[in-house]
Amino acid sequence: GLLCDERMVLKGFEGWPEKKVECLREVVARHNELNRIASGWDPYGDAWRPKANVIAELENVMGKFEASSSTVEWYMREK
């Protein structure tokens, strides 16, 4: 057979810690997602642009908060 699937090849080795590897992959994915959310909140980052007035700025902040709050709350429940 072809050795094109990394997981299938590594599962063939006796003692390969598949569950630990899956856990590490999940942790890396969560870390990357939380970093993406945090970078959206960085007022000095590229994703943050000053608005013309205070109301527009508040709407922008509320939009960012609402977009990220469900994901952050889910992670907090899962820890």
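Every residue gets a number counted from 1 within its own chain, in the order that chain's sequence is written. Residues qualify for local features only when their pLDDT is at least 70, as the model is predicted, and side-chain atom pairs are given and counted only at 80 or more; totals for whole chains, interfaces and linings, by contrast, use all residues. By convention in this description, side-chain values take in all heavy atoms of the structure and omit both hydrogens and water.

**Student:** How do you make sense of the pattern of salt bridges when you look at a structure like this?
**Tutor:** If charged atoms from side chains of opposite charge come close, those side chains can pair. In the sections that follow, a salt bridge refers to a side-chain nitrogen of Lys or Arg positioned within 4 Å of a carboxyl oxygen of Asp or Glu. All chains considered together, the criterion is met by 3 salt bridges. Two residues, R25 and E22, come together in a salt bridge whose shortest N-O distance is 3.0 Å. Highlighted residues: R25 and E22, both in helix 2 (residues 18-41), separated by 3 residues, approximately one helical turn. A relative accessible area of 30% means that E22 is categorised as partly exposed. In DSSP terms, a helix is any run of H or I states spanning at least four residues, a strand is any run of E spanning at least two, and both are numbered starting from the N terminus. Burial status follows relative accessibility: with a 1.4 Å probe on protein chains alone, a residue under 20% of its type maximum counts as buried, one over 50% as exposed, and anything between as partly exposed.

**Student:** In this structure, what is going on with helix 3 (residues 54-78)? I would like to understand it.
**Tutor:** Given 3.6 residues to a turn, an α-helix orients residues that are three or four positions apart in the same direction. Under the 1.5 Å per step criterion, the end-to-end length of helix 3 is 36 Å for 25 residues, consistent within 8% with the ideal 36 Å. The sharpest bend along helix 3 measures roughly 35° and falls at S69. Taken together, the buried positions of helix 3 are N60, K64, S68, S69, T71 and Y75. Residues are treated as being in contact if the distance between any of their heavy atoms lies within 4.5 Å. For helix 3, the elements touching its buried residues are helix 2. The span expected for a helix works out to 1.5 Å for each residue beyond the first. A residue's bend is given by the angle between axes fitted to the 7 residues ending at it and the 7 residues starting at it.

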